[in-house]
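The residues making up each chain are set out below.
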Amino acid sequence: MIAKISSGKETAGLIRYLFDTKKAKDHTDPHLVASWDGFAPDPGRSDDVDATRRLLVADLDLHVKQARRLGRAPEQHVWHCSIRAAPEDRILSDEEWADIARRVVAATGIAPEGDPDGCRWVAVRHAPDHIHIAATKIRADLRTARHWNDYHTADRELAAIEKEYGLLQVVRGDRTAAKRPTRAEQEKARRAGQDKPARERLRTTVRTAVAAASSMEEFVHLLSHIDGVLVEVVYFPSGDVRGYKVAAEDTTSVGKEPVWFSGSELAPDLSFPKIRARLENIDPQPAGQPERRRPNPWHQATAAAERIPRHLDQTDDEASQAHLAAFGEALDALPLLAPQALRPQLREAATAFERATRSRIRAEHHHARALRGAVRTMVRQPAPKDGAILAMFLDAAILVVIAAARWHQLRHHDQQVTAAHETLLHLQAAYHQASAEPLAALAQRQPPQQAVERQIRRLRQVVPEYAEQVIEDPAFAALTTALAEAEAAGHDPERLLQQVADQRALKDARRPARVLTWRIQRLSARPAPSAQARAAQAHSPAWADSAARRSDAPDHTAAASPAPQPPQARRR
């Protein structure tokens, strides 16, 4: 059920509309289902509709006229609440709608339960799927009703009603969503031939600028150099920056001022103070190093993304919220870095996940400095020519979104869960498109059958619980190539497998072979450890514990028949 609440200053006009059957085609049978005392005159069940309607208006306005004589009546004295059931819901009876109306006026403070001085109100049903509650805001003691935050209290009561009546439980937000474009804005965009209103286009533009900037000065500079966007910085009398506002050039008519939006009007997290707080928490990237020794920012961003699900499993909600916000910035930046063919899906993913980056939980942004720093460095470098790097990040991003949906679901953030599920569809589509060529190239370089069987034995030793699932994965051929090439570069394949398995469990991965492939490729890109380093690792307590765990695991190869061959090997 959805409630819509508004105020007005003419009781007669509202009642006339509710009982009109000529202009409003859906007003099939207007009648009262409930009222403040149960005895209000019902124009819908009267032979003289006009006279009964005037009598009802007079009864509703009684306390308003009394308060007006004393100068106490507000100009907007009419309270109007429409309540609509979902199309999937059953048809409710008049008695059920009457109960719903009484609960809503009591919850909102219009007529609290057990209060004889509550406001006068009526509930009108003129269509099967909804009712209208018309009330005047003056109580019998001539005080104005205390109905602050009435939309939130009505929505909360309707959520309880949905459960009790067995109705569709509507996805509800926490009032942190970005403001929707008005109907006038949508019509203006349609007339101008734009696919989205200016508010939504500017929101996407500002979010992309935030993702690319490393300081407030750079943020303003980037915005001011984007075609079609006007930017104005607002200052305090002291000269300090107070905020900013943006406008789309195509909304400016000849001789008229642009339609400006402040950051907070675009989205709650795009206000000047909140952007500044995020930009102040960015890890500086190492400078002055030779390019060959400088860390790859894509690998850094992927590693930071892979750690996010583990952070979300912790109890620090403020840190988790910060990691989700930083991940949202990474998605905002991806369309700038991806091939043209992938940009539509990535833009849709970033737009959808924008809702999942905000909740009532305050983010402590210093927890996500590493990912933000890596993203800024990625933006400043040429787009990668190797499609495997992008596929590697998208693979990690999919696991982040799955974990984000689970995190929001545990906290009953319904809108954020829906946004995460929508994001997942777009990311999966982008990943399949980005990974096809790199995985095929790896599969073509698959090592000989003897080497493949050696990798199978290693898998059964290191990740016995996932080994069979990995072997049956279509990406298994690519994994064997990645392991073989890592071994040729001087890495220990068994040690690499153990390292990537320890980074994060594979329980969320539907295709574990591809997850292992990208992680091994990323780790094997580093220089192989020297003999001394390998000896030191072998004597470290962590490696000893890991080796002990593997030796305690049952041997899946000793008593078994020859290892089954993967599909590619059997074909050969």
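Numbers given for residues are sequential positions, taken from 1 along each chain in its written order. In keeping with the model being predicted, local features are shown solely for residues with a pLDDT of at least 70 and side-chain atom pairs are shown and tallied solely at 80 or more, while totals for entire chains, interfaces and linings include all residues. Hydrogens and water molecules were not included; the side-chain quantities draw on all heavy atoms of the structure.

Peer 1: A description of the overall build of the protein should follow, citing residues and the corresponding values.
Peer 2: Check the secondary structure of the protein and you find 24 helices and 8 strands. Working rule for contacts: check all heavy atoms of both residues, and any pair within 4.5 Å makes them a contact. Contacts spanning at least 24 positions in sequence make up 73% of the contacts within the protein whose residues lie at least 6 apart. Every accessible area reported is derived by Shrake-Rupley at a probe size of 1.4 Å, with residue values counting cover from the shown protein chains alone. Carbon and sulfur atoms make up 51% of the accessible area of the protein, which amounts to about 28600 Å² in all. Each helix is a run of DSSP H or I of at least 4 residues and each strand a run of E of at least 2, with the numbering of both proceeding from the N terminus.

Peer 1: Outline the sheet that holds strand β5 (residues 130-136), supporting the account with residue identities and numerical values.
Peer 2: Sheet strands pair via backbone hydrogen bonds, and the direction of the pair is either parallel or antiparallel. Across the sheet, 5 strands lie side by side as β1-β3-β5-β4-β2; this open sheet has antiparallel pairing. Of all the strands in the sheet, just β1 (2-8) and β2 (31-35) have a single pairing partner and so form its edges. Neighbour-to-neighbour, the strand axes of the sheet open up by a mean angle of 20 degrees, direction not taken into account. Across 4 bridges, β2 lies against strand β4 (residues 121-127) in antiparallel orientation. Pairing between strands is defined by DSSP: at least two bridges between the two strands are required. Every axis in this analysis is a line fitted to C-alpha atoms, fitted for helices over the stretch in contact. Angles between the N-to-C directions lie between 0 and 180 degrees.

Peer 1: Mind laying out the side chain of R460, listing which residues take part and the relevant values?
Peer 2: As for its position among the elements, R460 is in helix α17 (residues 449-462). Whether a residue is buried, partly exposed or exposed follows from its accessible area with a 1.4 Å probe, protein chains only, as a fraction of its type maximum: under 20%, in between, or over 50%, in that order. By relative accessible area, which is 10% here, R460 ends up buried. Among the polar contacts made by the side chain of R460, one reaches the side chain of E468 at a distance of 2.9 Å. Contacts described as polar in this section are N or O atom pairs within 3.5 Å, which, within protein, must combine one atom able to donate a hydrogen with one able to accept it, while residues neighboring in sequence count only if both atoms come from side chains.

Peer 1: Break down the pattern of salt bridges for me, with residues and values.
Peer 2: Side chains carrying opposite charge are able to pair once their charged atoms draw close together. One side-chain nitrogen of Lys or Arg within 4 Å of one carboxyl oxygen of Asp or Glu is enough to make a salt bridge. The final tally for this structure, using the stated rule, is 36 salt bridges. Of the charged contacts, one joins D141 and R143 as a salt bridge, the two residues approaching to 2.9 Å between their closest N and O atoms. Between R372 and E329 there is a salt bridge, and its shortest N-O distance comes to 3.0 Å. With R372 in helix α14 (residues 369-379) and E329 in helix α12 (residues 317-337), this residue pair connects regions lying 43 residues apart in the sequence. Since its relative accessible area comes to 0%, R372 is described here as buried. A relative accessible area of 1% means that E329 is categorised as buried. A single salt-bridge network, built from bridges that share partners, covers R207, D269, R278, E329, D332, E354, R358, R372 and R376.

Peer 1: Provide a residue-level description of the packing of aromatic side chains, including the pertinent values.
Peer 2: Any two of the Phe, Tyr and Trp rings considered here, Trp counted by its six-membered ring, make a pair once their centres fall within 6.5 Å; the pair's planes then place it as stacked at under 30 degrees, edge-to-face at over 60, or tilted in between. For the structure on display, the rule yields 3 aromatic pairs. Ring geometry for F219 against Y244: centres 5.4 Å apart, planes inclined by 85 degrees, an arrangement best described as edge-to-face. Taken together, the residues F219 in helix α8 (residues 216-224) and Y244 in strand β7 (residues 241-248) connect sequence positions 25 residues apart. Accessibility assignment for this pair places F219 and Y244 in one class, buried.

Peer 1: An account of unusual backbone geometry is needed here, citing residue identities and associated values.
Peer 2: A positive phi angle, close to 65 degrees, is found at L142, a residue other than glycine. In the Ramachandran plot, R175 falls in the positive-phi region, its phi being about 65 degrees despite a non-glycine side chain. By secondary structure assignment, the location of R175 is in the loop between α5 (150-165) and α6 (183-191).

Peer 1: Could you give an account of the pairing of β5, naming the residues involved and the relevant values?
Peer 2: Within β5, 7 of the 7 residues are buried, which leaves it mostly tucked inside the rest of the structure. Residue alternation in β5 divides its side chains into two sets, H130, H132, A134 and T136 and I131, I133 and A135, and both sets are buried. Here strand β3 (residues 78-84) runs beside β5; their pairing, made up of 7 bridges, is antiparallel. If you follow C81 over to β5, its bridge partner there is I133.

Peer 1: Quick rundown of the sheet that holds strand β6 (residues 229-235)? Include the residues and the values.
Peer 2: The strand order across the open sheet built from 3 strands is β6-β7-β8, with neighbouring strands paired in antiparallel fashion. One side of each edge strand has no neighbouring strand; the edge strands of this open sheet are β6 and β8 (261-262). Packing against the sheet, α8 makes contact with β6 and β7, and its axis sits at approximately 145 degrees to β6.

Peer 1: Explain the confidence of the model for the protein residue by residue, including any values.
Peer 2: Residue-level confidence of the predictor, termed pLDDT, takes values from 0 up to 100. Looking at the protein, the pLDDT average stands at 87 and 89% of residues meet or exceed 70. Mean pLDDT per element in the protein: helix α24 (residues 567-571) is the minimum at 40, and helix α4 (residues 94-108) is the maximum at 97.

Peer 1: Got a sec to walk through the environment of S82? Specific residues and values, please.
Peer 2: Structurally, the position occupied by S82 is in strand β3. Residue classification places S82 among the buried residues on the basis of a relative accessible area of 17%. Residues S82 and A134 lie 52 residues apart in sequence; the distance between their C-alpha atoms is 8.7 Å. Residue contacts for S82: discarding those within four places in its chain leaves I2, A3, K4, I131 and H132.

Peer 1: Before we move on, could you go through helix α1 (residues 11-18) and cite the residues and values that matter?
Peer 2: Along an α-helix, residues three or four apart share an orientation, since each turn contains 3.6 residues. By the burial criterion, the buried members of α1 are T11, L14, I15 and L18. Mapping the buried residues of α1 onto a view down its axis gives an arc of 95 degrees, with all of them on the same face. Looking at the packing, one finds that the buried side of α1 touches α2 (49-60), β3, β4 and β5. Note that the arc is defined by the directions from the helix axis to the C-beta atoms.

Peer 1: I'd like a description of a positive patch on the surface, backed by residues and values.
Peer 2: Together, R175, K274, R360 and R362 give the surface a local cluster of positive charge. The class for K274 is partly exposed, based on a relative accessible area of 44%. Residues forming no salt bridge and having over 30% relative accessible area are the ones grouped into patches, like charges within 9 Å of each other and nonpolar side chains (Val, Leu, Ile, Met, Phe, Trp, Tyr) within 5 Å. Neither His nor the chain ends is counted toward charge; the positive residues are Lys and Arg and the negative residues Asp and Glu. Taken as the charge centre is NZ of Lys, CZ of Arg, CG of Asp or CD of Glu, depending on the residue.

Peer 1: I'd like to hear about α12, residue by residue, with values.
Peer 2: One less than the number of residues in a helix, times 1.5 Å, gives the span that helix is expected to have. With 21 residues, α12 should reach 30 Å at 1.5 Å per residue; the first-to-last C-alpha distance of 31 Å fits that figure. Counting buried positions along α12 gives 18 out of 21 residues, so the element sits mostly inside the fold. Where α12 begins, the side chain of D316 points an oxygen toward the backbone nitrogen of E318, at a separation of 3.3 Å.

Peer 1: Just give me the short version of the environment of E96, but keep the residues and values in it.
Peer 2: Positionally, E96 belongs in helix α4. The class for E96 is buried, based on a relative accessible area of 18%. For the pair E96 and Y165, spaced 69 residues apart in sequence, the C-alpha to C-alpha distance is 9.0 Å. Dropping the residues within four chain positions of it, E96 is found in contact with R90 and Y165.

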